[in-house]
Amino acid sequence: MTDQILQPATAAAEEPADAGDAGYSKALKPRHISMIAIGGAIGTGLFLGAGGRLAQAGPALAIAYAICGLFAFFVVRALGELILHRPSSGAFVSYAREFMGEKGAFVAGWMYFLNWATTGIADITAIALYAHFWSFFTPIPQWVLALVALAIVLVLNLVSVKLFGEMEFWFAIIKVAALVLFMIIGIVLLVTGDPINGTTPSVSLLGSEGGFLPNGLLPLVLVIQGIVFAYASVELVGVTAGETAEPAKIMPKAINSIMWRIGVFYVGSVVLLAMLMPWSSYTKGESPFVTVLSNIGIPAAGDVMNLVVLTAAMSSLNSGLYSTGRILRSMAVAGSAPKFTGVMNRNHVPYGGILLTAAVCVLGVGLNYVVPADAFEIVLNFAAIGILSTWGIIMLSHLLFWRKTKAGHLQRPSFRLPGSPVTEIVTLVFLASVVVLMWFDELGRLTLMSLPAIVLALVIGWFVVRKRVDTTKALNEGGQ
C-alpha cells in the first residue's frame, strides 16, 4: 500500500492512486487543455476590471498585474509538478489528502466549492446583467435570465467531458481573438499617432498627469487584492489532468504558456491602454476596451465587448460546474462529501457534484429576484476567500511534497517549481498579505468578519463526516 503512494510520477501515471479518478474518460485533447489554460488566465477581471483599476492606480497598474501574475504562475507551476507526480481529477484535494491528510482535503475541497458556488452566483448574475445591455432582453426579469443561463450550461456540462472541452475551447477562442484584435488596433493607433478624443497616443502618456504612479503607492497596493481574483481559475488546468490521455506530455506545455499569456494579455494590454489614452480617461463602470474603441468611432464597440464579457462569464460558470463535480467526487469517495456527489452517469460525468453546485447557484437566482442590484457584490468577496484558500493549500501541499522528496521518500519529476522551498514560502506570505489588504476594503472587511462562521461550519462539517472518512481507501485503492 505504501509503495503505491511513494511511486515516482511515471509509475503513478499508469494507474490511479486516487479512487476518485476511476471511471473517467480521457476525452480532453491537447487543444482543449491548451485553450482551457488560456481561458483560466483571461476573464472579466481584465475585460471589465482593468478600467477602474487604471483610474485608481494609474499606469503603474501594469506592475501590479505583473507581480500578481508571477505568483499566479508559481501556484499553477507548483500544481503542475504535483500533476506530473500523480495526475488526478481530484487535483489539489487529492494532493492535500496525500500530504496533509483528509482534514486538509476536507478544507481544500469545501473552500473550493465555496469559491465556485459563489462565483457561479456571480456569473449568472453577470450574464443576466450583460444580456440586459441589449434591448431585446430588457423586458425579461434578471432572475429569469440567470436561471436560463444556468440551465443551459448545466445541461451541456452533464452531457460529456468532450462537450465541456469544446465549449471552453470556443469560449477561449472568442476571448483571445477579441484581445488580439484590440491589441492590433491599439498598436496601429500608437504607430500612426492618430488622436483619440483629442489626445495623441504615445509612450509619454505613461508619465503624464501625475506620472507613472500618480496617486501614490497605497492605491497601487490596494488594487492587488482585486487583481489576484482576476487570475482566479488558472488552477482549473490541474483538474483536467485526470481526463486527458497524456498529462505528462500536455500539462508542462500548457502550464508554461500561462506565463507569457499573462505577460502579453494582461500586462501588455494595460500598458497599451495607458499609452492610448490618459489613465484618468478610464472609469470603473465601463470596460477600458470599450472606452478606447468608442472614442475612435468603432461601430458597435459596446455590443462586441459585451458579447466578449458575456462569453467570459459563461466560460467561468461552465468551468465552475466542471471542476466542482470532479473535486466533490474525489471527496465523496473518501466520505467527506455526500455520497451522491460521487456518482457518474453513463457518459463518465460526475453529475452528483455538478448538480449540487448548480443547486447552490439556484439560490443565486433567488438572490437575483430579491436584491438584483446587490447580488453580484454580495457573493464575489466570498469567492475571494475560497480562491485564496485553494492557492494556499496548493503551495502548502507542494512544500510538504518537496520535504518528502528531500527525505528520499518521493521523486520529483523533471517539470518542477523553481526555487523550492523559498518560492512556496514567499507565495504563502504574499497570499496572506492579500487577506490583510482585504481589511482595507469595505466589502472585503465584511467578508473577513464572516470568516469565523466559515471556520465554524468547517469544524461542524468535519465532526459530522469524520466517522465515515476512509483516507486509505480513497488514496490507495483506485487502481485495484
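Residues numbered from 1 in each chain as written. Predicted model: local features only at pLDDT ≥ 70, side-chain atom pairs only at ≥ 80, totals over all residues. Heavy atoms only, no water.

### Focus on the overall build of the protein chain
Okay, so step 1: When helices and strands are counted, the protein chain shows 22 helices and zero strands.
Okay, so step 2: By the compact-globule yardstick of 23 Å for 480 residues, the protein chain fits well, its C-alpha radius of gyration being 22 Å.
Okay, so step 3: Reported as C-alpha extents along the three principal axes, the dimensions of the protein chain are approximately 70 × 50 × 40 Å.
Okay, so step 4: In the protein chain, which comprises 480 residues, the proportion classed as buried is 58%.
Okay, so step 5: Surface summary for the protein chain: the accessible area is close to 18,500 Å², and the carbon and sulfur share equals 68%.
Okay, so step 6: One way to put it: in the protein chain the 28 positive side-chain charges average out to a point 7 Å from where the 25 negative ones average out. (Helix = DSSP H or I, 4+ residues; strand = E, 2+ residues; numbered from the N terminus. Rg over C-alpha atoms; globule rule 2.2 N^0.38 Å. Buried < 20%, exposed > 50% of the residue type's maximum accessible area, 1.4 Å probe, protein only. Areas by Shrake-Rupley, 256 points an atom, 1.4 Å probe, with all protein chains shown as cover. Lys, Arg positive; Asp, Glu negative; His and termini not counted. Charge placed at Lys NZ, Arg CZ, Asp CG, Glu CD.)

### What to know about the packing of aromatic side chains
Geometrically, a pair of aromatic rings is defined through the distance of the ring centres and the angle of the planes.
Okay, so step 1: Across all of its chains, the model carries 15 aromatic pairs by this definition.
Okay, so step 2: Their ring planes at 70° and their centres at 5.6 Å tell us that Phe106 and Trp462 sit as a pair that is edge-to-face. Of this pair, Phe106 sits in helix 8 (residues 102-131) while Trp462 sits in helix 21 (residues 451-465), and the two are 356 residues apart along the sequence.
Okay, so step 3: With a centroid separation of 5.3 Å and an interplanar angle of 80°, the aromatic rings of Trp110 and Phe113 are classed as edge-to-face. A residue pair is termed a helical-turn pair when its members lie 3 or 4 positions apart in one helix, as Trp110 and Phe113 do in helix 8 at three residues. Phe113 matches Trp110 in its accessibility class, with the two residues each being buried.
Okay, so step 4: Taken together, the aromatic side chains of Tyr65, Tyr231 and Tyr266 make up a single cluster linked through ring pairs.
Okay, so step 5: Over the ring of Phe415 we find Arg77; its NZ or CZ atom is 4.0 Å from the centre of that ring. (Phe/Tyr/Trp six-rings, centres within 6.5 Å; stacked < 30°, edge-to-face > 60°. Lys NZ or Arg CZ within 6 Å of the ring centre and 35° of its normal.)

### Digging into the confidence of the model for the protein chain
Okay, so step 1: Per-chain confidence: the protein chain averages 83 in pLDDT, with 90% of residues scoring 70 or above.
Okay, so step 2: The least confident element of the protein chain, judged by mean pLDDT, is helix 1 (residues 2-5) at 35; the most confident is helix 19 (residues 422-438) at 93.
Okay, so step 3: Note on residues 1-15: pLDDT under 50 across the span, and 23 contacts to partners over four residues away in sequence or across chains. (pLDDT = per-residue confidence, 0-100. Contact = heavy atoms within 4.5 Å.)

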